[in-house]
Amino acid sequence: MKIFTTLITSMCFLIHAYGQSKVQDSTLNNLILPNNYLTTKLGMLGDVKKTGTGDEDVILLAGWGFGANIFDDFVSKNSNKYTMYAVTFPGFSETKPYPIPKTGTSYGKQIWTSAIVDGVINLIANEKLEKPTIIGHFITGTQVAFRIGLHYPNLIEKIIIVGGSAKSGSTDYPKEPTLEERIKVNDTYYAPKWFKTVTKKTWDTGNYPPEIFSREKVLAQQLWDMAAKVPMQIMIHYILEYYASDISLEFKNIKVPTLLLIPSFNEEIYKKYNYLKPSFVDCWKGADENKLITTEIVPRSNVFIMNDQPDLFSSLVSKFIYDN
């Protein structure tokens, strides 16, 4: 398949540019956790911070390596309007991760992502929440929010996606891969032939760069540093589940009002990172054919819309929750 050729070409480029010994280390196995690493049970959440006294319940899902504290500014400004539950996923922000599934388990099974969905559903039940709004941020936060909307629409009121991605993309793809191809390339190439033995330096070099997080350079670097502290093995498992998914296939099946807040980025950053526009903007094309889904490109914003445009973000969230 052509996507395999694209992947192998990218791997060869990195090896040529940096040298095999620098890019990969055959003694590593990043697909398992270190010995005696403490884990948490599937279906548990890493952490939950409850704040606010408002009459509307809101669950905030922090994505890609981040803890619930990324919502602190939004929470402090809206504590009288909502009762908020800010969730840290297992393994992020110094919480215990889930156990790694046994070797050979397909990333298409979405073991960790599904377990987080179970954790959020348990949270709704335990706190006796009456149809909360789910706000999912970045990758994994997006995937969890959509899965809840797809499988438990009777338990929630609305979904808001912030700087999220429906699927991984690249301008290098000669053809859009099917879900089956996405899963196969992760199970047979990305995991065993690339991520298993990449060094930490390689991982950090290829990670999402600070400048896509925020337009404010100091904050962008601080955010990158937060995610970089999460052990590589944990981040690799999460990103492989993201790569092996495609929620754009489910747009038509969403049965709750959904707001997509999409970063505007800029042409300069698109030229530097060929995956950015396909993964975070173009991936949402066609979503609003479902009349329950509304898209909004937020001006002068990157992935952390709530930091780049805090007042506008709060206004858009409030309007969607109360006026729809």
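Located above this text is the structure these notes cover.
Residues numbered from 1 in each chain as written. Predicted model: local features only at pLDDT ≥ 70, side-chain atom pairs only at ≥ 80, totals over all residues. Heavy atoms only, no water.

Draft legend 1. Structural context of the packing of aromatic side chains. Summed over all chains, the structure comprises 27 aromatic pairs. Ring plane angle 20° and centroid distance 6.2 Å describe the contact between Tyr 82 and Tyr 322, whose orientation is recorded as stacked. Taken together, the residues Tyr 82 in strand β3 (residues 82-88) and Tyr 322 in helix α13 (residues 310-323) connect sequence positions 240 residues apart. Its relative accessible area of 35% is what places Tyr 322 among the partly exposed residues. Consider the rings of Phe 138 and Phe 213, whose centres lie 5.8 Å apart with planes at 90°: the pair is edge-to-face. Here Phe 213 lies in the loop between α7 (200-206) and α8 (217-228) and Phe 138 lies in helix α5 (residues 138-151), a separation of 75 residues in the sequence. Of the two residues examined, Phe 138 and Phe 213, each falls in the buried class. The residue whose ring lies beneath Lys 158 is Phe 320, and the NZ or CZ to ring-centre distance is 5.3 Å. (Phe/Tyr/Trp six-rings, centres within 6.5 Å; stacked < 30°, edge-to-face > 60°. Helix = DSSP H or I, 4+ residues; strand = E, 2+ residues; numbered from the N terminus. Buried < 20%, exposed > 50% of the residue type's maximum accessible area, 1.4 Å probe, protein only. Lys NZ or Arg CZ within 6 Å of the ring centre and 35° of its normal.)

Draft legend 2. Focus on the layout of surface pockets. Approximately 310 Å³ is the volume attributed to the second largest pocket. Those elements that provide at least two residues to the lining of the second largest pocket are α6 (179-195) and α9 (232-243). The element best represented in the lining of the second largest pocket is α6, accounting for 3 residues. Considered class by class, the residues forming the lining of the second largest pocket number 8 nonpolar, 7 polar and 4 charged. (1 Å grid on protein atoms, 1.4 Å probe; cavity = no way out; pocket = protein on both sides within 12 Å on 5 of 7 lines; lining within 4 Å. Points joined across faces, edges and corners; volume = space filled by probe spheres on them. Nonpolar A, V, L, I, M, F, W, Y, C, P; charged D, E, K, R; others polar.)

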